Amino acid sequence: MFYTLPVKDIAKIYENETGKKPTSFFDCGCATGELLQQAENMNMRVQGIDIKKYPSLFKPLHPNIEIVSILNYQKPIDYDIVFLNGTLTYLNENEVDIALQKFKNAGLVIAIHNTIEDDEKAGGSEYRDPKPTKPRLIKRRQWWVKKFQSNGFEAKYDPKTDCFIAKAKERE
């Protein structure tokens, strides 16, 4: 199952949390860059990264995609919005800490990813890759909130949008 939010909805979360319109968007795990294009159409500065280059069967990949893991990404991530759709669940617990530290200069981190509650609701199988290359980090929602908090973020899970929303306590 694949689920994401359109950028207009992601931008609305940012506006509700900060009182400002976003001017920049970083997609960590951006695939072909569809969300980058949506954000660019809203006049945002955009950047995306992914660990692999996806085939572009119907349209070219967005030009602002770098093929690199967040763990190896060296440029500052100073965007209003950092969006992650499932990305953190492909990391181990220590790697999640490394990734979250890279987002300290972002305005807001908005993350969608599978949780134990999602698995339970779906009967335990819908969110599992039948042949994973490595185990997924599927944890309870409260575990994820605490993980963000332990890395210096004010964080919450928003059931209305099905997103984790995190803001660095002291944006550097």
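None of the values given here were measured: they were computed from a predicted structure.

Caption draft 1: Representation of the packing of helix α3 (residues 93–102) against helix α5 (residues 141–150). Between α3 and α5, whose axes approach to 10 Å, the crossing angle comes to 50°. The angle between the axes of α3 and α5 places the two elements in the oblique class. When the axes of α3 and α5 are compared, the crossing they make is right-handed. Within the contact between the two elements, α3 uses Glu93, Val96, Asp97 and Leu100 and α5 uses Trp143, Trp144, Lys147 and Phe148. Residue composition of the contact of α3 with α5, grouped by class: 5 nonpolar, no polar and 3 charged.

Caption draft 2: Quick peek at the pattern of salt bridges. Counted under the stated rule, the structure contains 10 salt bridges. The salt bridge partner of Glu117 is Arg140, with a shortest N-O separation of 3.6 Å. Residue Glu117 is found in helix α4 (residues 116–121), and its partner Arg140 is found in the loop between α4 and α5; the two are separated by 23 residues along the sequence. Among the salt bridges present, the one from Asp118 reaches Arg141, with a minimum N-O distance of 3.1 Å. With Asp118 in helix α4 and Arg141 in helix α5, the pair connects residues that are 23 residues apart, well separated along the chain. Of the residues examined, Asp118 reaches a relative accessible area of 8% and is grouped as buried. Residues participating in the shared-partner salt-bridge network are Glu117, Glu120 and Arg140.

Caption draft 3: Spatial organisation of α5. For α5, the full list of buried residues reads Trp144, Val145, Lys147 and Phe148. Looking down the long axis of α5, one finds its buried residues gathered within 160° of arc, a one-sided arrangement. Along α5, the residues that are exposed and aim more than 90 degrees away from the buried face are Lys146 and Ser150. Gly152 occupies a position one or two residues after α5 and carries a positive phi of about 90°.

Caption draft 4: Seen up close, the nonpolar core. Core analysis: the biggest nonpolar cluster contains 29 residues, and Ile70, Phe103 and Phe148 have the highest contact counts within it. In this structure, Leu5, Ala39, Ile65 and Ile165 belong to the second largest nonpolar core, which totals 21 residues.

Caption draft 5: Representation of the sheet that holds strand β7 (residues 163–168) within the structure. Spatial strand order, β3-β2-β1-β4-β5-β7-β6: 7 strands in an open sheet with mixed pairing. At either end of the open sheet lies a strand with only one pairing partner, and these are β3 (65–67) and β6 (153–158). Here the strands of the sheet are splayed against their neighbours by 15° on average, with no regard to which way each runs. In this sheet, strand β4 (residues 81–85) lies alongside strand β1 (residues 24–28) in parallel orientation, the contact comprising 4 bridges. When the sheet's bridge partners are listed, Asp27 is paired in β4 with Phe83. On the sheet, helix α1 (residues 7–18) packs against β1, β4, β5 (108–112), β6 and β7 and is oriented at approximately 135° with respect to β5.

Caption draft 6: Structural context of the pairing of β7. Counting buried residues along β7, 5 of its 6 residues qualify, which places the element largely inside the surrounding structure. Here β5 runs beside β7; their pairing, made up of 3 bridges, is antiparallel. Opposite Ile110, over in β7, you have Ile165 as the bridge partner. Of the strand pairs in this sheet, β6 and β7 are connected by 6 bridges, and their pairing is antiparallel. Pairing of Lys156 across the sheet is with Ile165, part of β7.

Caption draft 7: Structural view of unusual backbone geometry. Positive phi is not limited to glycine here, since Ala31 has a value of about 55°. Of note in the backbone geometry, Asp162 takes a positive phi value of approximately 60° without being a glycine. As for its position among the elements, Asp162 is in the loop between β6 and β7. Overall, the relative accessible area of 27% leaves Asp162 in the partly exposed class.

Cut-offs used in this document
- Residues numbered from 1 in each chain as written.
- Predicted model: local features only at pLDDT ≥ 70, side-chain atom pairs only at ≥ 80, totals over all residues.
- Heavy atoms only, no water.
- Axes fitted to C-alpha atoms, helices over the stretch in contact; angles between N-to-C directions.
- Helix = DSSP H or I, 4+ residues; strand = E, 2+ residues; numbered from the N terminus.
- Parallel < 35°, antiparallel > 145°, perpendicular 65-115°, else oblique.
- Left-handed = near helix turned anticlockwise from the far one by under 90°.
- Contact = heavy atoms within 4.5 Å.
- Nonpolar A, V, L, I, M, F, W, Y, C, P; charged D, E, K, R; others polar.
- Salt bridge = Lys/Arg side-chain N within 4 Å of Asp/Glu carboxyl O.
- Buried < 20%, exposed > 50% of the residue type's maximum accessible area, 1.4 Å probe, protein only.
- Arc of directions from axis to C-beta.
- Core = buried A, V, L, I, M, F, W, Y, C linked by side-chain atoms within 4.5 Å.
- Pairing = 2+ DSSP bridges.

By themselves, these are just geometric observations and shouldn't be taken as functional.
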